[in-house]
Amino acid sequence: MMTTATAMPLPARKPLGQRLLGFNLLTALILAVVGYWIGHLIGGAVHAPSIKYYSTEAGYNDISVFLGYLGGVIGFLTGLGFANYPVRRMLGHPPDLPGHAEVNEPGLWKYLRLSTDHKVVSLQYLAGIGIFFFVGGLNAMLIRTELLSPTTHVFGPNQYLTLVGLHGSMMMGMMTSGILGPFANWVVPTMIGTRRMAFPRLEALTFWLLMSAGVVLITTIFFGGFQTGWTGYEPLSDQGTAGFDAYVGFFALVGMSMTLLGLNLMVTIITMRAPGMTWSRLPIFVWAVFATCVLMVIATPMLIAVLLMGAMDRTVQTAFFEPGNGGSAQLYQNLFWFFGHPEVYILAIPGFGIVLELLPVFTRKPLWGYRTGIAGMLGVALLSFFVWQHHLFVSGINADLRPFYMLSTEMISLPTGFTFLCVMGTLWRGRIRLTVPMLFCMGWAFNFLFGGISGVFLSDVPSDVTTHGSFFSMAHFHYTIMGGLVFTFFAAIYYWGPKMTGLKFSERLGKWHFWLLFIAFNSTFGPLFALGFMGMPRRVVTYPLNLQGLNVWVSISAYFIAISMLIFLWNVVQSLVFKREPAEANPWQSKSAEWQLPTPVPAYDFIEWPDIGPDPYPYGEPVEDYSGAPAPVGGAA
Amino acid sequence: MQDNTPHFRRLALLWVVSSIVLTAIVVFVLAPGMPPGNGTVQASGQVVDNTVLLGLSTPVALGVLLCLGYCLIVFRERPGDDPHLEGPAIRGNSSIQMWWLVVTTTLVLFLAAFGSIELLKDGAGGGQGPNPLSVVGNPKSTLQVQVIAQQWQFTYRYPQYGGFETNKLEIPANTTVEFHVTSLDVIHSFWAYQLGVKADANPGQDNIAYVQTKAPMNFAVHCAELCGVWHGYMFDSGKVVPKTEFASWVTQQRKYFSPETHLLTPYRHTYFPAPQRRGG
Amino acid sequence: MSVEGAIGEVRLPPEPVTHRTRPPGVATRLWCGSVTFFFASFLFAYVFLRSLDVHKDWVIGHVEPSGGLGVTVMALMVLSGIIWRIGHFRPVDTIATGVVAIVLGIVAVALQILQYTTIDFGGASGAYASVFIGWTSTYILGAIPGLYWIETQLATLVRARKREVSEADQAVLRAGVEASSFFWAYYAAIGVVTFIFLYVI
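Residues numbered from 1 in each chain as written. Chains lettered and ligands numbered in written order. Predicted model: local features only at pLDDT ≥ 70, side-chain atom pairs only at ≥ 80, totals over all residues.

Some details on the overall build of chain B
Next up, step 1: Scanning chain B from terminus to terminus reveals four helices and ten strands.
Next up, step 2: Scanning chain B from its N terminus toward the C terminus, one meets helices and strands in the order α-α-α-β-β-β-β-β-β-β-β-β-β-α.
Next up, step 3: Here the C-alpha radius of gyration of chain B, 27 Å, is well above what a compact globule of 280 residues would show, namely 19 Å.
Next up, step 4: Expressed along its principal axes, the backbone C-alpha trace of chain B runs to roughly 90 × 55 × 30 Å.
Next up, step 5: Summarising the internal contacts of chain B: among those between residues at least 6 apart in sequence, 71% fall at separations of at least 24. (Helix = DSSP H or I, 4+ residues; strand = E, 2+ residues; numbered from the N terminus. Rg over C-alpha atoms; globule rule 2.2 N^0.38 Å. Contact = placed C-beta atoms within 7 Å.)

Written as structure tokens, this is what we have:
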């Protein structure tokens with residue numbers, strides 16, 4: 001029980017041999033393999049009678065593959081120790097909270113086990129997502145390598161489409177938690193004044209589910225890959241080999257992880273705020289997390305449901321998406337985008353939060369238009385449920401509703417505009433410090449502006465007829481997701497990294513990273529707008545000869561993105577492995593709660609919560625005449 | 001330290017001047033080259049839309065960029081400045097917030113209304129489903145062409161000429177063409193770039209798109225929806241030809257295919273896709 | 001909690017007890033939202049496919065799941081939900097009602113499986129058959145974790161009878177019972193919607 005403070009010294013470190021026995025990553029991997037084979041055998045037994053009726057043309061038994069994945073994931077989680085508490089509860093042990101003394105353990109061992117400390121989980125998230133981010137980036141490099149030539153020259157069409165699908169799924173699936181996983185898990189409890197998340201075990205579960213999802217996705221290459229891209233449109237996907245089962249398993253696991261992550265963060269924000277931390281005093285990042293979590297909790301279950309329907313079509317021969325047997329391919333499109341469109345705001349809103357959270361620190365001003373910023377993020381979250389059919393503008397389904405969806409889609413630019421207004425208002429007359437995190441925030445503003453404006457072209461149906469499904473839309477969502485999410489992801493790493501790791505990052509390498517990434521990013525994705533306008537459809541392995549010049553330009557720019565990422569990697573390795581220069585407690589002179597903690601942060605975070613007062617952004621010299629301005633938050637005036 | 005420079009006025013002046021210049025450049029220099037060209041009425045309509053959007057977004061983008069740039073240059077902390085100095089604690093300005101909302105809302109409503117009018121006028125070349133809202137031209141003189149997509153090619157049927165099926169797409173100039181797009185297997189998308197036509201081909205569903213051709217030209221056809229391994233190779237080309245040439249072409253094709261035409265499934269708006277059952 | 005850290009051993013002020021009593025209830029209500037949207041997908045599939053019905057293949061052949069078993073499953077779930085919710089409001093009867101709720105739930109699951117053995121159609125027999133199989137099977141699979149949840153509450157209460165439980169811990173236990181009973185009643189309500197769409201309309 002955490003309510004009483006009792007002495008609990010760190011247990012003595014056991015020798016390695018003994019440590020390997022028990023609940024850890026090694027056991028988990030062994031049990032995952034065992035579980036996979038048990039699931040596979042059961043699937044074979046279930047499936048055996050139906051072989052009489054259905055020919056196995058693809059040579060795979062999807063029931064076995066699905067049950068194998070299920071068994072593998074269960075084995076993996078059991079091996080990590082996730083089954084212990086549920087079994088204890090089943091036997092009637094009262095609910096308790098896990099202690100988390102392991103954060104003070106030296107070495108990396110604590111990261112390879114189930115840990116319930118929010119700081120350890122955050123770093124696990126950062127490393128785990130980082131690995132998959134780099135794998136997804138590598139896929140992008142391979143795609144661009146193939147597109148150096150108008151015909152196939154490095155990969156065959158199947159390999160190429162598998163790469164496209166892997167890149168898309170990896171980035172959309174794994175990076176969805178890219179900010180909420182590492183940073184919200186770390187910062188939100190401290191910002192609202194508590195030492196833990198509401199459900200620490202659930203917090204750890206979301207991470208390990210995400211990791212198992214990533215591994216499941218990669219196993220697709222053993223089953224022949226999948227040709228559907230990250231959207232997995234039916235009925236094409238129903239033709240796919242067992243490689244598509246990996247996609248289904250992957251996204252279902254990601255969906256569960258996302259739903260639980262959102263649920264946990266939301267409950268934490270609702271129930272565990274410190275006394276005095278009213279809703280109108282929450283830092284804007286917490287509001288961004290909250291708005292994102294609403295989407296995660298509501299929209300993601302639909303993804304799980306639609307994947308389940310697809311899996312049933314593939315295993316128990318239902319016909320949800322089979323046009324021949326009463327199903328409809330558009331049912332998939334509708335359900336998928338009902339999740340899929342909120343999903344892109346799940347990616348974008350945390351970025352808004354980070355930019356608005358960081359700007360006051362680096363302009364030495366309070367956040368301009370705090371309530372407007374919140375309204376913007378909640379508005380985006382709400383509107384995102386009413387726009388999904390713009391993905392189906394030329395599909396011929398509900399074509400009469402297109403004016404409505406045109407309006408609702410263009411209305412998204414209103415709350416997004418609020419965010420930009422807050423950014424400009426905060427910059428105005430500030431004392432701007434162009435540190436690395438600030439540079440990345442400004443990069444966000446530049447990229448997202450063009451991402452947003454190109455979105456208006458896509459939302460206007462006549463214009464969309466040309467741009468739909470072309471490289472234009474591809475460029476658009478890379479501007480919003482890579483330019484929006486990834487830039488703020490790096491802003492957050494450079495901003496909170498020193499606090500999270502306790503070590504200093506190189507400012508010089510960070511600036512190199514930013515400028516190379518920023519220029520290479522725009523040089524890569526800017527021309528893609530033109531390529532789309534010139535008639536290049538998405539996901540093609542060949543293209544007309546006259547587009548080769550631009551494509552080569554884009555590919556070479558993309559390699560510079562890769563180089564900038566290598567600079568980042570070198571920065572991280574140098575700081576964490578070689579130099580190990582301890583970071584200052586508050587290098588940015590930030591006034592928010594997490595920066596008032598000492599570095600390195602102790603396991604218990606704080607003894608008394610640093611009371612940051614009624615105003616989350618107490619920066620700036622007081623001015624007398626800001627006529628017409630809303631009263632300072634918290635009613636300090 | 002009180003800064004009395006009229007920053008706001010300076011920025012506003014900068015914005016007005018530069019957006020007049022740049023918008024003029026965009027509208028008069030860039031816009032005529034906007035895709036998908038002026039080959040058909042629908043394509044021209046899309047060019048108009050693209051022009052309006054580009055013309056309106058130029059000042060908006062410029063405003064934001066100028067503001068960001070101005071702030072970053074003018075309000076930057078310079079080496080040697082007192083590091084303890086902070087900015088003014090301005091927390092908002094309700095009149096600016098309100099004006100921003102009013103202006104952006106007006107813009108959005110205008111764009112949505114304009115886009116809807118442009119869309120409903122002539123269908124804009126997009127797929128409108130089986131019961132189109134905007135029917136274009138006189139149904140009697142409209143040429144019907146059925147586009148059948150399958151993995152991985154397009155074929156075309158001309159129901160008014162006996163329903164023969166060919167893999168060549170030719171349509172007459174100065175005519176309204178009604179494309180009936182459907183698919184036999186998975187979702188494809190019929191994208192005739194220069195015509196300004198894009199319509200998804202859904203299995204078991206009819207998707208109608210209209211185009212009003214102008215002068216003769218060649219156009220490219222792509223599949224714009226991922227449809228399997230050879231999606232990248234699913235492209236084609238077509239021709240808009242003079243009416244007389246079309247008449248002779250269609251008679252010749254009809255004759256050429258007549259031995260096979262009666263073996264085909266009779267012309268329908270949809271062809272029931274064969275169920276694709278897989279084992280397990 | 002006390003941790004030996006870099007600055008030695010510290011004593012922390014106790015965590016407010018609301019940090020342990022409020023999250024289960026709030027989480028359950030949010031979780032019910034998730035579950036609603038999950039089943040809303042099946043509802044959407046039902047409405048969409050039925051209204052589309054282009055080729056008159058909403059029902060192909062003889063597709064008639066046993067209505068008697070369907071209504072029984074729904075009734076058992078509703079009864080179970082109501083009883084366990086009553087158990088939450090009457091602390092004296094919590095354990096007894098919980099046992100009854102679990103038994104009813106298990107019978108419902110068993111009857112649903114029994115129904116699958118009696119149906120004479122497969123998933124390919126039209127859209128209705130697909131929605132029927134998809135919706136009922138996920139619904140009944142989802143009931144199993146709910147039953148597990150009730151069981152953990154009962155096991156905890158039974159054990160708690162044998163020892164001294166502080167007032168705070170008592171509140172935590174009650175919060176768990178409240179959460180699981182809210183979820184279970186809500187889940188039964190989803191069962192009613194399932195029944196209405198799949199059997200009545």
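Next comes the rest of the description.
Details of the overall build of chain A
Next up, step 1: On a plain count of helices and strands, chain A comes out with 20 helices and zero strands.
Next up, step 2: For chain A, whose C-alpha radius of gyration is 25 Å, the value lies close to the compact-globule estimate of 26 Å for 637 residues.
Next up, step 3: When its C-alpha atoms are laid out on the principal axes, chain A stretches across 75 × 60 × 45 Å.
Next up, step 4: Contacts in chain A between residues far apart in sequence, at least 24 positions, make up 82% of those at least 6 positions apart.

A short note on the domain arrangement of chain B
All names here are of chain B.
Next up, step 1: Each domain of chain B was delimited in the assignment, giving domain 1 (8-75 + 106-125) and domain 2 (143-261).
Next up, step 2: Contact with domain 1, which involves eleven residues of that partner, is made by 14 residues of domain 2.
Next up, step 3: Examining the composition of the side of domain 1 that touches domain 2, we find that four residues originate from one element, helix α2 (residues 41-74), more than from any other. (Domains from an automatic or database assignment.)

A word on the sheet that holds strand β6 (residues 188-192) of chain B
Residue and element names in this part refer to chain B.
Next up, step 1: Read from one edge of the open sheet, five strands run β4-β10-β9-β6-β7, paired in mixed fashion. The strands lining the two open edges of the sheet, one partner per strand, are β4 (169-172) and β7 (197-201). Direction aside, neighbouring strands of the sheet carry axes that sit 20° apart on average.
Next up, step 2: For strand β9 (residues 217-223) and strand β10 (residues 235-241), the ladder comprises six bridges, and the chain directions are antiparallel. Across the sheet, the residue bridging to V221 is D236, located in β10.
Next up, step 3: On top of the sheet, helix α4 (residues 243-261) reaches β4 and β10; it is set at about 135° to β4, its chief contact. (Pairing = 2+ DSSP bridges. Axes fitted to C-alpha atoms, helices over the stretch in contact; angles between N-to-C directions.)

A word on unusual backbone geometry
Next up, step 1: Cis geometry is adopted by the peptide bond preceding A:P235, which originates at A:E234 and carries an omega value of -5°.
Next up, step 2: Topologically, A:P235 is positioned in the loop between α8 (200-218) and α9 (236-239).
Next up, step 3: Of note, the bond from B:P35 into B:P36 is cis; its omega dihedral lies within 30 degrees of zero at -5°.
Next up, step 4: Within the element layout of this structure, B:P36 appears in the loop between α1 (7-30) and α2.
Next up, step 5: The residue A:R364 is not glycine, and still its phi comes out positive at about 55°.
Next up, step 6: You can see A:R364 is positioned in the loop between α12 (329-363) and α13 (370-383).
Next up, step 7: Assessed through the 23 C-beta atoms surrounding it within 10 Å, A:R364 is described here as buried.
Next up, step 8: Within the chain, A:R539 stands out as a residue other than glycine whose phi angle is a positive 60°.
Next up, step 9: For A:R539, the location among the structural elements is in the loop between α19 (507-533) and α20 (548-579). (Buried ≥ 20, exposed ≤ 12 C-beta atoms within 10 Å, placed from the backbone.)

Let's talk about helix α7 (residues 180-192) of chain A
Next up, step 1: Compared with an ideal rise of 1.5 Å per residue, which puts 13 residues at 18 Å, α7(A) spans 15 Å between its outermost C-alpha atoms and falls more than 12% short.
Next up, step 2: Just past α7(A), the residue A:G193 takes up positive phi, approximately 90°. (Expected span 1.5 Å × (residues − 1).)

Considering the interface of chain A and chain B
Buried accessible area, meaning the area lost when the parts come together, often serves as the stated size of an interface.
Next up, step 1: Taken together, the contact pairs 99 residues of chain A with 84 residues of chain B.
Next up, step 2: Broken down by element, the residue count for the side of chain A that touches chain B peaks at eight residues, all from helix α15 (residues 413-427) of chain A.
Next up, step 3: The residue makeup of the side of chain A that touches chain B, split by class, is 51 nonpolar, 32 polar and 16 charged. (Nonpolar A, V, L, I, M, F, W, Y, C, P; charged D, E, K, R; others polar.)

A closer look at the confidence of the model for chain B
All names here are of chain B.
Next up, step 1: Looking at chain B as a whole, the pLDDT averages 89, with 96% of positions reaching at least 70.
Next up, step 2: Segment residues 276-280: pLDDT under 50, and 22 contacts once partners within four positions in sequence are set aside and those in other chains are kept.
Next up, step 3: In the model output, the complex is listed with pTM 0.93 alongside ipTM 0.92. (pLDDT = per-residue confidence, 0-100.)

Quick word on the domain arrangement of chain A
Residue and element names in this part refer to chain A.
Next up, step 1: Segmentation of chain A into domains returns domain 1 (23-96) and domain 2 (97-620).
Next up, step 2: Computed from C-alpha atoms alone, the centre-to-centre distance between domain 1 and domain 2 is 30 Å.
Next up, step 3: Contacts between the two partners involve 18 residues from domain 1 and, on the opposite side, 18 residues from domain 2.
Next up, step 4: Here the residues of the side of domain 1 that touches domain 2 sort into 14 nonpolar, two polar and two charged.

Some details on the interface of chain A and chain C
Next up, step 1: Listed by partner, the interface residues are 55 residues for chain A and 57 residues for chain C.
Next up, step 2: Only α4 (84-90), α10 (243-271), α11 (284-315) and α12 of chain A provide two or more residues apiece to the side of chain A that touches chain C.
Next up, step 3: No other element matches α11(A), which puts ten residues into the side of chain A that touches chain C.
Next up, step 4: A per-class count over the side of chain A that touches chain C returns 38 nonpolar, 16 polar and one charged.

Observations regarding the pairing of β6(B)
Residue and element names in this part refer to chain B.
Next up, step 1: Burial analysis of β6 places five of its five residues in the buried class, which makes it a mostly covered element.
Next up, step 2: For β6 and β7, the ladder comprises five bridges, and the chain directions are antiparallel. Among the inter-strand pairings, W191 is bridged to a residue of β7, identified as K198.
Next up, step 3: Linking two consecutive strands that pair antiparallel, namely β6 and β7, is a turn of four residues; a positive phi of about 75° is found at G196 within it.
Next up, step 4: Two strands pair when backbone bridges link them, and β6 and β9 are joined in this way by three bridges, in the antiparallel orientation. Looking across to β9, one finds that A192 is bridged to V221.

Quick look at the sheet that holds strand β1 (residues 143-150) of chain B
Residue and element names in this part refer to chain B.
Next up, step 1: Here we have five strands laid out as an open sheet, ordered β3-β2-β1-β5-β8, and mixed in their pairing. Both outer strands of the open sheet, β3 (164-166) and β8 (207-212), are each paired with one neighbouring strand and no more. This sheet shows a mean twist of 25° between the axes of neighbouring strands, independent of strand direction.
Next up, step 2: Of the strands in this sheet, β2 (153-158) and β3 are in contact with α4, which crosses β3 at around 105°.

So, α4(B)
Next up, step 1: Given a rise of 1.5 Å per residue, 19 residues ought to cover 27 Å, yet the end C-alpha atoms of α4(B) are separated by just 24 Å, more than 12% below that figure.
Next up, step 2: The element α4(B) is barely covered by neighbouring structure, given that only one of its 19 residues are classed as buried.

Brief notes about the packing of helix α5 (residues 118-146) of chain A against α8(A)
All names here are of chain A.
Next up, step 1: Two elements in contact, α5 and α8, have axes separated by 10 Å at closest approach and are oriented at 15°. In terms of their interaxial angle, α5 and α8 are classed as roughly parallel. For the pair α5 and α8, the crossing hand works out as left-handed. The residues of α8 that touch α5, namely those facing H118, V121, Q124, Y125, G128 and F132, are E203, A204, F207, L210, M211 and G214.
Next up, step 2: Classifying every residue of the contact of α5 with α8 gives seven nonpolar, four polar and one charged. (Parallel < 35°, antiparallel > 145°, perpendicular 65-115°, else oblique. Left-handed = near helix turned anticlockwise from the far one by under 90°.)

Considering the environment of A:A475
Next up, step 1: Positionally, A:A475 belongs in helix α18 (residues 471-501).
Next up, step 2: The residues contacting A:A475, other than those within four sequence positions of it, are A:S454, A:F525, A:L528, A:F529 and A:G532.

What to know about the environment of A:Y233
Residue and element names in this part refer to chain A.
Next up, step 1: Following the sequence through the fold, Y233 ends up in the loop between α8 and α9.
Next up, step 2: Y233 gets classed as buried once you count the C-beta atoms within 10 Å, which come to 20.
Next up, step 3: Each C-alpha atom of the pair Y233 and Q330 lies 9.0 Å from the other, and the pair is 97 residues apart in sequence.

What about the pairing of strand β5 (residues 176-183) of chain B?
All names here are of chain B.
Next up, step 1: Most of β5 is tucked away: six of the eight residues are buried.
Next up, step 2: The pairing of β1 with β5 spans seven bridges and is parallel. Residue pairing across strands places Q144 opposite E178, the latter belonging to β5.
Next up, step 3: In this sheet, β8 lies alongside β5 in antiparallel orientation, the contact comprising six bridges. Bridge pairing links E178 to Y210 in β8.

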